[in-house]
Amino acid sequence: MLPEILQGTVGGGFVLIQDSSNYSGRQLLKSFIHAALTREEVVHVLGFEVSEEELKDGLNESSMQRLHFHNAYIDPLGWTESPHFTVHQFSMEQLTSLFKQTQQTKPFTLVIDSLSWILRHISTPVVCESLQQLKKGGAVRAVIGLLHSDMHQRGLVGSVCHLATSVITVRPGLRGDGAVAKTTKRSKTGKVTQDEEIFSIKEDLTVTVQGKPSQPGTTQTELEEPEADPTANLTFNLRLSDKEREAKEKLALPFVFSKEKKTALLHTGPGSGRILYEPDANDDYDQEDPDDDLDV
Amino acid sequence: MFTELNSILNITPDNFKQGEFVLISDRHTDGSFLIHHFLSFYLRARCKVCFLGLVQSFSHYCAVSQRLGVSLVQAKEKGQLIFLEGLKESLSVLIPKEPNTGSQALDFLRDPSAGLRSLYEFVRASVSHTGGVEGVEGVEGGVEEWGPPVLLVDDLSVLLSLGVSVGAALDFSHYCRATVCSQLQGSMVMLVRCEAEEEEDDGDEEGPERLLKGLTHQCSLTLQVQGLPTGYCRDIHGQVEVCWRNRHGNGQQMQKKLFQYKVHDKSASFFARGTSSAVL
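Residues numbered from 1 in each chain as written. Chains lettered and ligands numbered in written order. Predicted model: local features only at pLDDT ≥ 70, side-chain atom pairs only at ≥ 80, totals over all residues. Heavy atoms only, no water.

Right, let's get into the pattern of salt bridges. All names here are of chain B. Using the criterion set out here, one finds 19 salt bridges over all chains in the structure. The shortest N-O distance in the salt bridge between Arg27 and Glu209 comes to 2.9 Å. Pair noted here: Arg27 is in strand E1 (residues 21–27) and Glu209 is in helix H9 (residues 208–218), with a separation of 182 residues, a long-range link. Note on Arg27: relative accessible area 12%, which makes it buried. Here Arg117 makes a salt bridge to Glu121, at a shortest N to O gap of 3.5 Å. Of this pair, Arg117 and Glu121 both sit in helix H6 (residues 117–128), four residues apart, which is roughly one turn of the helix. One network of salt bridges, in which partners are shared, links Asp26, Asp30, Asp155 and Arg193. (Salt bridge = Lys/Arg side-chain N within 4 Å of Asp/Glu carboxyl O. Helix = DSSP H or I, 4+ residues; strand = E, 2+ residues; numbered from the N terminus. Buried < 20%, exposed > 50% of the residue type's maximum accessible area, 1.4 Å probe, protein only.)

Rendered as structure tokens:
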């Protein structure tokens, strides 16, 4: 599903890339920029976390005039005299006037690197509101945001995720240079589809999907090395052949009473001792309880 | 300067990558030997160094550097080293003797919620222009030219103890990175101490763990120093995980190596796990 979102066939909306300190999602973000530029789209970047050179490094030179970098990296809080774009300008009105400066009327893709920076300085409801407006707004074709999810509280991450039409969570792969992307996509009808893929990003920022990670159950068994059999080289025999098993089962154990044994031992034949008692009329049969005098 | 570490990181004082942000973190042990390493390394590389020493006194750093073969006093006189002695400066902020003495750098001590802008201004002033050295040009008859600027911080988590929020500390490091690493093509080394107990991964703790995570997102190389999980050992002082975080996109994103180390009197040895001379 990752290539479809990358190609933008899933039309517009808000794509959220979630990463953690184990694996940076910026490379994937750049792949998104690259993909949008190759589609001849105009891309606006709100760059808080990396410098312009670093972001443009690796991107195609020829499409640079369609990439507008709004430098919020050098001075995001207005500490120096001439801030270009500060974090407090992150609102619909300010952004619209910023985009108008470039005098492009075509719908464009807005890339936010990163939402974590904004969320650290502006309250969550305000950010969510602006994002919602951007998502709906006519000039913006799509919003792509990067979020360092391990920097925020879980509830905050959740509320931003709810706004997104697609959420891509990246984490390092088990081996090699592949990484795992967990994609959740919400279609307009409300249907939610999820997918997990192993992907790698080449030097020219194209993304190749290498397949799906195996199920958690099977990965475990895969990881476990085949254990050495401790019963392999024994001086005695632990296993039974069928014949031996048969013989073993035939053997009667002592002190276990089978029917044959019982009858053999408790043989009741004629002539053996028996007590026959027939009560006689003269029998001195005491009606009273003989133990009546006992104090029990 | 530890030559063994240099070969691991593939750098020499004559040839090292510029624009790097090195993050040193320690847990269960003391990682300050790496700060001393980088201090002597960059001084030998003839960089202009700004050192924020918030943990120890100048004479302490001086004594250690002396052992590593670098004189901080000379470097300071030549204008190569700008040293902010946090212990001394903070005293003059908290107990002002005369009005308007000392720098404004530690103004955040009076009102930690105001942020670290004043400290950043100090850093920017120290690294950006060579004008600060004009007064001492008489040494060799002219101002010496220094290489790209370097900022060293020992250590950033002290700021948290002084009441600064994690967000403010991250803003400070962001500004320093933008100025030192990107604009001036210099380098930056920061140390962060983590508490001994690993905290629950809630994401809402306001502590060094969160600071470390935030800085990890910013930096290009991390050196994680840890005590041995099995406890103290005379021959192995701990392990250090070196992790290159690729910021310039080619091939593998992250590369990790794990070493054990032993700090000697004047050097440190690094070796693969289990290959200590005490074991073999």
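Residues and elements named next belong to chain A. In this model helix H6 (residues 124–136) runs 18 Å from its N-terminal to its C-terminal C-alpha over 13 residues, within 8% of the 18 Å that 1.5 Å per residue would give. Listed in full, the buried residues belonging to H6 are Thr124, Val127, Cys128, Ser130, Leu131 and Leu134. Down the axis, H6 shows its buried residues gathered within 165° of arc, on one side only. Looking at H6, the residues exposed on the side facing more than 90 degrees away from the buried face are Pro125 and Lys136. (Expected span 1.5 Å × (residues − 1). Arc of directions from axis to C-beta.)

Residues Leu234, Phe236 and Leu238 of chain A make up a contiguous nonpolar surface patch of about 300 Å² in total accessible area. Note on placement: Leu238 of chain A falls in the loop between helix H8 (216–223) and helix H9 (242–250). (Patch = residues over 30% accessible without salt bridge, like charges linked within 9 Å, V, L, I, M, F, W, Y side chains within 5 Å. Areas by Shrake-Rupley, 256 points an atom, 1.4 Å probe, with all protein chains shown as cover.)

Before going further, it helps to examine the packing of aromatic side chains. By the definition in use, this model includes 17 aromatic pairs over all chains. Relative to Phe41 of chain B, the ring of Phe16 of chain B lies with its centre 5.7 Å away and its plane at 70°, an arrangement referred to as edge-to-face. Separated by 25 residues along the polypeptide, Phe16 of chain B in the loop between helix H1 (3–9) and E1 and Phe41 of chain B in helix H2 (residues 32–44) bring together distant segments of the chain. The two residues Phe16 of chain B and Phe41 of chain B agree in class, both being buried. Taken together, the ring pairs connect Phe2, Phe33, Tyr261 and Phe270 of chain B into an aromatic cluster. A cation sits over an aromatic face here: Arg120 of chain A above Trp117 of chain A, 4.9 Å from the ring centre. (Phe/Tyr/Trp six-rings, centres within 6.5 Å; stacked < 30°, edge-to-face > 60°. Lys NZ or Arg CZ within 6 Å of the ring centre and 35° of its normal.)

Time to look at a negative patch on the surface. Judged by side-chain charge, Asp280, Asp283, Asp284, Asp286, Glu288, Asp289, Asp291, Asp292 and Asp293 of chain A come together as a negatively charged surface patch. Along the polypeptide, Asp293 of chain A turns up in the segment after helix H10 (259–265). (Lys, Arg positive; Asp, Glu negative; His and termini not counted. Charge placed at Lys NZ, Arg CZ, Asp CG, Glu CD.)

Attention shifts here to unusual backbone geometry. In the segment running from Asp113 of chain A into Ser114 of chain A, the intervening peptide bond is cis, with an omega of 0°. Position of Ser114 of chain A relative to the elements: it lies in the loop between strand E4 (108–113) and helix H5 (115–121). In this chain, Asp154 of chain B is followed by Asp155 of chain B through a cis amide linkage whose omega measures -15°. Considering the arrangement of structural elements, one finds Asp155 of chain B in the loop between strand E4 (147–154) and helix H7 (157–161). Phi is positive for Glu40 of chain A, close to 65°, though the residue is something other than glycine. Judged by its relative accessible area of 51%, Glu40 of chain A falls in the exposed class.

Below, the discussion takes up the interface of chain B and chain A. One frequently used descriptor of interface size is the decrease in accessible area upon assembly of the parts. The partner chain A presents 35 residues to the 32 residues of chain B that form the contact. Regarding the contact of chain B and chain A, the summed buried area is about 3000 Å², with carbon and sulfur atoms giving 49% of it. Scanning the region where chain B abuts chain A turns up one salt bridge. We note a salt bridge from Arg120 of chain A to Asp171 of chain B, for which the minimum N-O separation is 2.3 Å. Here chain B and chain A share 15 residue pairs in polar contact (both at pLDDT 80 or more) between them. Taken together, the elements giving at least two residues each to the side of chain B that touches chain A come down to H6, helix H8 (166–183) and H9 of chain B. Residue contributions to the side of chain B that touches chain A peak at nine residues, all from H8 of chain B. Per-class residue counts for the side of chain B that touches chain A are six nonpolar, 14 polar and twelve charged. (Contact = heavy atoms within 4.5 Å. Buried area = accessible area lost by both parts, 1.4 Å probe. Polar contact = N/O pair within 3.5 Å; in protein donor to acceptor, adjacent residues only side chain to side chain. Nonpolar A, V, L, I, M, F, W, Y, C, P; charged D, E, K, R; others polar.)

With that settled, the discussion passes to the confidence of the model for chain A. Residue and element names in this part refer to chain A. Taken as a whole, chain A shows an average pLDDT of 83; of its residues, 91% reach a score of 70 or greater. Per-element mean pLDDT across chain A ranges from 46 in H8 up to 92 in H5. Between residues 217–224, whose pLDDT stays under 50, and residues either more than four places distant or in other chains, the model counts four contacts. (pLDDT = per-residue confidence, 0-100.)

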